[in-house]
Amino acid sequence: MIQPCSKYAPIPMCDLQLSHDYLKAEINHAIMQVVRSGNYIQGKQCRLFEIEMEKYLDIKHAIGVGSGTDALFLSLLAAGVGPGDEVITTSFSFIAAAEAIVRVGATPIFIDIEPLTLNINASLIERKITQYTKAILPVHIFGKSASMVAISNICLDHNLLMIEDCAQALGGRDEQNMLGRGDFNCYSFYPSKNLGCFGDGGMVTTNNDKSAERIRILKNHGSYQKNYHFDIGINSRLDEIQAAILRVKLNYLDQFNGLRSMVALAYNDMLKGVIKPINQDHVYNQYTILSNKRDDIKKALSYNNIASAIHYPIPLHKQLVFNSKEKLPVVEQIVNEVLSLPIYPELSLDKIETICNIINEEVV
Ligand SMILES: *Cc1c(COP(=O)(O)O)cnc(C)c1O
């Protein structure tokens, strides 16, 4: 293999060590408090984090769970989605939501995307609604809000549940509201998310008391009273150490999201000849450009020790596991053009300039 011979220091996709350095004292203190308490599961930290998230998201119930994937699975279970049901979702995302739909025994119905937002194309949803449709599951891809006003109206008109995958969009807004106004809203605290812990973690939020109770029972072996089981659940809890870390980082989320936006604005300013993300209702978990020279750009960056990533190279309806016969032309084209560039709150202007110069040289 040819070794890159860059004059630049390597630039990773995200640099978790940097934000940890900034918060090290607070986080170490929070971790040690949990260690000393001897209470590692379903304790005070998790409950306090839930209350702080309820306040931050302006929602009645927030329930910590083991991961974003579990948040989706538990939401579908609690919503009563099961065999014979269809759930409408986007073909352009990480597999977790579609996987959870199949896990509960239902069928994902994949919809094509809007070429500029890369989100589910709301104008294509209604023709896919059948007597079996139970829910719509939009994903705010890369941190950019899906068209929530249109999708909410479709849910109301057709009496469908809305389950939102907010894993990449914590702190984001749509045209009118804070994201996460669905019947169930699912979050991930995977380390590279806008609010990340030091392992796996997730959350479901809802304004409905009964739904919240269902999630609380299902995530804890079908039980809310020790030794009494009311349902068949799973074990999916947010541990105390993760909750304690998340409580510290939640205080900085808006600041870090603001810095991500500034990085994105700098990219928008300096990049030429590529399609850039829409600069509205976006919290930039990823900064993803489109170019028909994608592979050349990726190679040039890599030669200079700069990371980039293809999210996602295969549309979900083309994954063999889903065995779908759909033809979705926009997403099938776009997977050949997407390239995510390094983005994290501390990414410096001179590094952004270096990255942009290399890209501009490839495309112009
Ligand atoms: C990260 C992610 C998930 C899954 O979250 P985990 O915590 O890793 O299980 C689901 N959906 C999307 C869009 C994601 O980016």
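(A) Quick peek at the overall build of the chain. For the chain, the helix and strand inventory stands at eleven helices and nine strands. Taken over C-alpha atoms, the radius of gyration comes to 21 Å for the chain, in line with the 21 Å a tight globule of 364 residues would show. A principal-axis box enclosing the C-alpha atoms of the chain has dimensions of 65 × 55 × 40 Å. Here the chain holds 364 residues, and the buried ones make up 54% of them. The long-range fraction of contacts in the chain, counting pairs at least 24 apart against all pairs at least 6 apart in sequence, stands at 69%. Carbon and sulfur atoms provide 52% of the accessible area of the chain, an area that totals close to 16700 Å². Measuring between centres, the 34 positive side-chain charges of the chain sit 3 Å from its 39 negative side-chain charges.

(B) Local environment of the site of the ligand. What surrounds the ligand is a group of 14 residues, the closest being Thr69, Asp165, Gln168, Ser188 and Lys193. Note that an oxygen atom of the ligand is positioned 2.8 Å from one of the backbone N or O atoms of glycine 68. Taking threonine 69, its side chain carries an N or O atom lying 2.5 Å from an oxygen atom of the ligand. The protein chains hide 92% of the 380 Å² of surface that the ligand would expose on its own. Because more than half of its atoms lie within 2 Å of the grid, the ligand is assigned to the largest pocket. Of the residues in the shell around the ligand, the class split is five nonpolar, seven polar and two charged.

(C) How the structure looks around the environment of asparagine 285. Structurally, the position occupied by asparagine 285 is in the loop between helix H8 (253-270) and strand E8 (287-290). Its relative accessible area of 4% is what places asparagine 285 among the buried residues. Remark: the alpha-carbon pair of asparagine 285 and lysine 24, spanning 261 residues in sequence, is separated by 22 Å. With sequence-adjacent residues up to four places away left out, asparagine 285 is seen in contact with Phe142, Gly143, Gln168, Ser192, Lys193, Asn194, Arg260 and Ile343. Of note is the side chain of asparagine 285, whose polar atom sits 2.8 Å from the side chain of asparagine 194.

(D) Here's a closer look at helix H3 (residues 68-78). Counting buried positions along H3 yields eight of eleven residues, so the element is predominantly enclosed. Count one or two residues on from H3 and you reach glycine 80, which has phi positive near 80°.

(E) Spatial organisation of the packing of aromatic side chains. Under the counting rule described, the total for this entry stands at eleven aromatic pairs. Here the aromatic rings of tyrosine 22 and phenylalanine 256 are separated by 6.1 Å at their centres, their planes lie at 50°, and the arrangement is tilted. Taken together, the positions of tyrosine 22 in helix H1 (residues 16-37) and phenylalanine 256 in helix H8 put the pair 234 residues apart, joining distant regions of the chain. Overall, the relative accessible area of 7% leaves phenylalanine 256 in the buried class. Their ring planes at 75° and their centres at 5.7 Å tell us that phenylalanine 92 and tyrosine 312 sit as a pair that is edge-to-face. Note that phenylalanine 92 is positioned in the loop between strand E2 (86-90) and helix H4 (96-103) and tyrosine 312 in the loop between helix H9 (294-303) and helix H10 (329-334), a separation of 220 residues in sequence. Assessed through its relative accessible area of 14%, tyrosine 312 is described here as buried. One aromatic cluster is present, formed by Tyr22, Tyr252 and Phe256 through successive ring pairs.

(F) How the structure looks around a nonpolar patch on the surface. Taken together, the side chains of Met32, Val35, Tyr40 and Ile41 define a hydrophobic patch exposed on the protein surface, amounting to about 330 Å² of accessible area. Structurally, the position occupied by methionine 32 is in helix H1. A relative accessible area of 37% means that methionine 32 is categorised as partly exposed.

(G) Fine view of the layout of surface pockets. Considering only enclosed or pocket space, the largest pocket measures out at about 420 Å³ in volume. Taken together, 21 residues line the largest pocket, and the ones lying closest to its centre are Phe94, Gln168, Ser188, Tyr190 and Lys193. For the lining of the largest pocket, the element with the most residues is H3, which contributes three residues. Classifying every residue of the lining of the largest pocket gives seven nonpolar, eleven polar and three charged. Roughly 330 Å³ of volume is contained in the second largest pocket.

(H) Summary view of the environment of glycine 82. With respect to the element layout, glycine 82 can be found in the loop between H3 and E2. Residue classification places glycine 82 among the buried residues on the basis of a relative accessible area of 9%. Residues contacting glycine 82, with those up to four places away along its chain left out, are Val104, Gly105 and Ala106.

(I) Local environment of empty space enclosed by the protein. The final tally for this structure, using the stated rule, is two cavities of 30 Å³ or more. In this model, the largest cavity occupies a volume close to 160 Å³. Along the wall of the largest cavity there are 17 residues; nearest its centre are Leu16, Ser19, Lys193, Asn194 and Arg260. Of all the elements in the fold, those that place two or more residues in the lining of the largest cavity are H1 and H8. Ranked by residues supplied to the lining of the largest cavity, first place goes to H8 with three residues.

(J) Looking closely at the pattern of salt bridges. Counted under the stated rule, the structure contains ten salt bridges. Between arginine 47 and glutamate 54 there is a salt bridge, with its nearest N and O atoms 3.9 Å apart. Note that aspartate 295 and arginine 294 form a salt bridge whose closest N and O atoms lie 2.8 Å from each other. Among the charged side chains, a salt-bridge network with shared partners connects Arg47, Glu50, Glu54 and Arg216.

Calculation criteria
Residues numbered from 1 in each chain as written. Predicted model: local features only at pLDDT ≥ 70, side-chain atom pairs only at ≥ 80, totals over all residues. Heavy atoms only, no water. Helix = DSSP H or I, 4+ residues; strand = E, 2+ residues; numbered from the N terminus. Rg over C-alpha atoms; globule rule 2.2 N^0.38 Å. Buried < 20%, exposed > 50% of the residue type's maximum accessible area, 1.4 Å probe, protein only. Contact = heavy atoms within 4.5 Å. Areas by Shrake-Rupley, 256 points an atom, 1.4 Å probe, with all protein chains shown as cover. Lys, Arg positive; Asp, Glu negative; His and termini not counted. Charge placed at Lys NZ, Arg CZ, Asp CG, Glu CD. Near = heavy atom within 4 Å. Polar contact = N/O pair within 3.5 Å; in protein donor to acceptor, adjacent residues only side chain to side chain. 1 Å grid on protein atoms, 1.4 Å probe; cavity = no way out; pocket = protein on both sides within 12 Å on 5 of 7 lines; lining within 4 Å. Sits in = over half its atoms within 2 Å of the grid points. Nonpolar A, V, L, I, M, F, W, Y, C, P; charged D, E, K, R; others polar. Phe/Tyr/Trp six-rings, centres within 6.5 Å; stacked < 30°, edge-to-face > 60°. Patch = residues over 30% accessible without salt bridge, like charges linked within 9 Å, V, L, I, M, F, W, Y side chains within 5 Å. Salt bridge = Lys/Arg side-chain N within 4 Å of Asp/Glu carboxyl O. Points joined across faces, edges and corners; volume = space filled by probe spheres on them.

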